[in-house]
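# Secondary and tertiary structure notes
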Amino acid sequence: MTILLFGVTKDIVGSSSLSVPTSSVTGKKIPRTVSELKQFLGDTYPELNTLSSLAVAVNNAYAQDDQPINSYDEIALIPPVSGG
Amino acid sequence: MDRYIRQTALPDFGTDGQDRLTAAKVLVVGLGGLGLPALQYLNAMGVGTIGIMDMDTVEYHNLQRQILYAEEDVGKSKLEVALRKLQSQNSETEVVPHATFLSKENALDVIQNYDVVVDASDNFPTRYLINDTCVILNKPFVYGALHGFEGHVSVFNYGEGPTYRCLYPNEPKADEVPDCNENGVLGVIPGIIGNLQALETIKVLTGVGEVLAGRLLVFDGLQPTFRTIKFQANLKNKSRDALKEHYGILHCAGVATLSVEVFSEKRMTTDYALLDVRTAGEFSKHRLAEAIHVPMDKLDLPEHLKNTSKPIYVICQSGRRSEQAIARLQETYPELNFYNVLGGMNQLSLHTH
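Calculation notes
- Residues numbered from 1 in each chain as written.
- Chains lettered and ligands numbered in written order.
- Predicted model: local features only at pLDDT ≥ 70, side-chain atom pairs only at ≥ 80, totals over all residues.
- Heavy atoms only, no water.
- Axes fitted to C-alpha atoms, helices over the stretch in contact; angles between N-to-C directions.
- Helix = DSSP H or I, 4+ residues; strand = E, 2+ residues; numbered from the N terminus.
- Parallel < 35°, antiparallel > 145°, perpendicular 65-115°, else oblique.
- Contact = heavy atoms within 4.5 Å.
- Nonpolar A, V, L, I, M, F, W, Y, C, P; charged D, E, K, R; others polar.
- pLDDT = per-residue confidence, 0-100.
- Core = buried A, V, L, I, M, F, W, Y, C linked by side-chain atoms within 4.5 Å.
- Buried < 20%, exposed > 50% of the residue type's maximum accessible area, 1.4 Å probe, protein only.
- Pairing = 2+ DSSP bridges.
- Buried area = accessible area lost by both parts, 1.4 Å probe.
- Salt bridge = Lys/Arg side-chain N within 4 Å of Asp/Glu carboxyl O.
- Polar contact = N/O pair within 3.5 Å; in protein donor to acceptor, adjacent residues only side chain to side chain.
- Phe/Tyr/Trp six-rings, centres within 6.5 Å; stacked < 30°, edge-to-face > 60°.
- Patch = residues over 30% accessible without salt bridge, like charges linked within 9 Å, V, L, I, M, F, W, Y side chains within 5 Å.
- Areas by Shrake-Rupley, 256 points an atom, 1.4 Å probe, with all protein chains shown as cover.

### Considerations on the packing of helix H2 (residues 14–23) of chain B against helix H8 (residues 188–206) of chain B
Residues and elements named next belong to chain B. Packing of H2 against H8 brings their axes to within 9 Å, and their N-to-C directions diverge by 100°. Relative to H8, H2 is oriented roughly perpendicular. Across the interface between the two elements, Gly17, Arg20 and Leu21 of H2 pack against Ile202, Leu205 and Thr206 of H8. Here the contact of H2 with H8 is composed, by residue class, of three nonpolar, two polar and one charged.

Here you go:
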C-alpha cells in the first residue's frame, strides 16, 4: 500500500510517498491497523516515533489507532505544521 | 454602499452579508506571511473592527512573503506599519492595535472582545493557547499553518465542531517539528493560505457557504493538490475551564527585537532600561554607559526592574546570547517587555562609526 507523506514526515523519510508491502516475503509482520502501521514505519524511521502528535488519514478521514487498514486504502501521514 | 457593490451584488452575499461584516470584530494574531494577506482582504471587504497583534520589527528577510511591507519599513514596528497601511486602505473600518504578543496572561481578556480569531501565528505554543482560549470563550478560530511548500487550513471550535486538539492532542516539544519558518517557506505559499483564511473568516461571519469545520485542508504547492481530511470532535476537548499552567515559548525565538538604528533612536527619546548579558571581561572592555551588567550565568533582574513598565532592551556581543537571555527572563517575568537589540554590540559599533 502507498503512504503519502506530509510536513516533517516527508523530510524524515526523504520522499513524498512510501510503499509498504501487503504480503510478507521477509517474514516481517504486515501492518493491519493504523497503530501497527505507525510501529512498522517507526522501526524503519525512528524519528517518526518522537512526534508527539501525528494524524493518520485513511481514505481522507482521520483514523484512530485501532482502525483496520488494507491494500486498497489511501493513507496519509499528516503531522502538525507551524510556520506562519 | 458603492464601495462594496461588487460583493453585495452577489445574491448569496448581498447587503445582509455586508451588514454582518460591518458589525463583525475579528482579531488577527500575527502580522507575518499569513496575517497580512488575510488582513488586507478582511479590511478591503469591510470587516467593521479588526484587531491586529504583533510586537516584531520588519526585517529584510520578511519582505519575500510579507508583501504589505516595503523596503523603507525595515526596522520599524510591524504593528505601526500595518496600522498605517490598513487605515489608508480603508478609512471605514476600525483597526485596533495590540502592542503585545499573545500570552497566557492577556489571551482571555483580548479574545473575549472579538467574534472570530485568525490564527496567523508561527509557533505551536501560540496555536495551542489560541485553541484553549477559544474553547473557554466558545469562539471559532480560523487556523492556517505552513511547512515548506505545504499549508494547512481549518476552522476550529466552530459551533459543535472539533478543535485543534481533536486533530493534534499534544503540543509538540521544542525542536520536534521545525518552528518559526526555520525550515524555509516559499514566498507565495503563505499568500495562498492566508487568503483561504480570509475566505473562511468571511464565511464564518456571514453564514455564506460551507465553513471548513471538521475538515483539514492540506495544500501541497508542489504537486499541486488540495486534499481535505475529515475529522470528528472529541468531546473532552470541547470543554475547558482554565488555560494550562504552561505553554512553550510563546513567540518565535521568544523574543521581540529592535534594530540598532531603532535602538539608537530610542536611546535619545525613550525611558528604558538596558541589560548587558555579556561576561565581566567583555563588559569591562567596552560598554554602554547606561547598561546594567547581568551576565548569563547570573541571569536575573535587579529589584527595581521587576515590576517596571519601561521597555527593557537586552544586548550582548552579537545578539544571540541576548535572545536566549530574553527567552529565559520572559518565562520568569511574563508581564515585562523585553526587546533584543539585533546584532548586539558588533552591529552597534558598525552603525556608530
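There is more to say after this.
### Some remarks on the environment of Ile193(B)
Residues and elements named next belong to chain B. Relative to the assigned elements, Ile193 resides in helix H8. Separated by 135 residues in the primary sequence, Ile193 and Arg328 have C-alpha atoms spaced 32 Å apart. Here Ile193 is in contact with Leu34, Gly144, Ala145, Leu146, Gly151, His152, Val153 and Phe219, once residues within four sequence places are set aside.

### Digging into the confidence of the model for chain B
Confidence in the prediction for chain B averages 92 pLDDT; 96% of positions are at 70 or higher. The complex prediction reports pTM at 0.81, with the ipTM value standing at 0.94.

### Digging into the nonpolar core
Within the largest apolar cluster, 56 residues are counted, with the highest numbers of intra-cluster contacts made by Ile3(A), Ile78(A) and Leu216(B). For this core, the element with the most residues is helix H6 (residues 124–137) of chain B, which contributes five residues. In this structure, Ile78(A) is in contact with Phe6(A), Leu54(A), Ala55(A), Ala57(A), His152(B), Tyr168(B), Leu216(B), Val218(B) and Ile229(B), ignoring residues within four places of it in sequence. Grouped together as the second largest cluster of nonpolar side chains are 41 residues, Val142(B), Val155(B), Ala198(B) and Leu205(B) included.

### A short note on the pairing of strand S7 (residues 215–220) of chain B
Residue and element names in this part refer to chain B. Counting buried positions over the six residues of S7 gives five, a clear majority of the element. Here strand S6 (residues 150–156) runs beside S7; their pairing, made up of four bridges, is antiparallel. In the sheet register, Val153 faces S7, and the bridge partner there is Leu217. Bridging between S7 and strand S8 (residues 225–230) involves six bridges; their strand directions are antiparallel. Looking at S8, one finds that Leu217 is bridged to Thr228. Taken together, S7 and the strand that follows it, S8, pair antiparallel across an intervening segment of four residues.

### What about the interface of chain A and chain B?
Each partner contributes residues to the interface: chain A has 24 residues there, and chain B has 41 residues. Summing both partners gives a buried area of about 2,500 Å² for chain A against chain B, and 53% of it is carried by carbon and sulfur. Taken as a group, Val81(A), Ser82(A) and Gly84(A) account for 26% of the area that chain A buries against chain B, more than any other trio of residues on that side. In this structure, the connection of chain A to chain B is made through one salt bridge. Two residues, Arg227(B) and Glu74(A), come together in a salt bridge whose shortest N-O distance is 2.8 Å. For the pair chain A and chain B, the interface holds 18 residue pairs in polar contact (both at pLDDT 80 or more). Mapped by element, the contributors of at least two residues to the side of chain A that touches chain B are helix H1 (7–13), strand S3 (55–58) and strand S4 (61–62) of chain A. Tallying contributions element by element places H1(A) first for the side of chain A that touches chain B, with four residues. Class assignment of the residues belonging to the side of chain A that touches chain B gives a composition of 12 nonpolar, nine polar and three charged.

### Some remarks on the packing of aromatic side chains
Within the structure shown, the criterion is met by 12 aromatic pairs over all chains. In textbook terms, an aromatic cluster arises when at least three aromatic residues are bridged by ring pairs, as seen for Tyr128(B), Phe141(B), Tyr143(B), Phe156(B), Tyr164(B), Tyr168(B) and Phe231(B).

### Side note on the sheet that holds strand S12 (residues 312–315) of chain B
Residue and element names in this part refer to chain B. Taking strand neighbours across the sheet as the criterion, the five strands line up as S9-S13-S12-S10-S11 in an open arrangement whose pairing is parallel. Two strands in the sheet have a free side with no partner beyond their single neighbour: strand S9 (256–258) and strand S11 (292–293). Sheet topology places S9 next to strand S13 (residues 338–341); three bridges connect them, and they run parallel. Pairing of Thr257 across the sheet is with Asn340, part of S13. Here helix H9 (residues 260–269) sits on the sheet in contact with S9, strand S10 (273–276), S12 and S13, set at roughly 80° to S9. Relative to S13, helix H11 (residues 320–332) is tilted by about 170°, and along the sheet it contacts S10, S12 and S13.

### Focus on unusual backbone geometry
All names here are of chain B. Cis peptide bonds are those with omega within 30 degrees of zero, and the linkage from Gln223 to Pro224 qualifies with -15°. On the secondary structure map, Pro224 appears in the loop between S7 and S8. A positive phi angle is found at Asn138, which is not glycine, with a value near 60°. Along the polypeptide, Asn138 turns up in the loop between H6 and strand S5 (141–147). For Asn138, a relative accessible area of 61% translates into the label exposed.

### Some remarks on a nonpolar patch on the surface
Together, Phe149(B), Leu186(B), Val188(B) and Leu222(B) make up a nonpolar patch on the protein surface, roughly 360 Å² of accessible area in all. Residue placement: Phe149(B) occurs in the loop between S5 and S6.

### Quick look at the pattern of salt bridges
All names here are of chain B. All chains considered together, the criterion is met by 16 salt bridges over all chains. Between Glu282 and Arg321 there is a salt bridge; the shortest N-O distance is 2.9 Å. A residue pair is termed long-range when its members are at least 10 positions apart, and Glu282 in helix H10 (residues 280–285) and Arg321 in helix H11 qualify at 39 residues. Given a relative accessible area of 21%, Glu282 falls into the partly exposed group. The structure contains a network of salt bridges with shared partners spanning Asp73, Lys76, Arg84 and Lys85.

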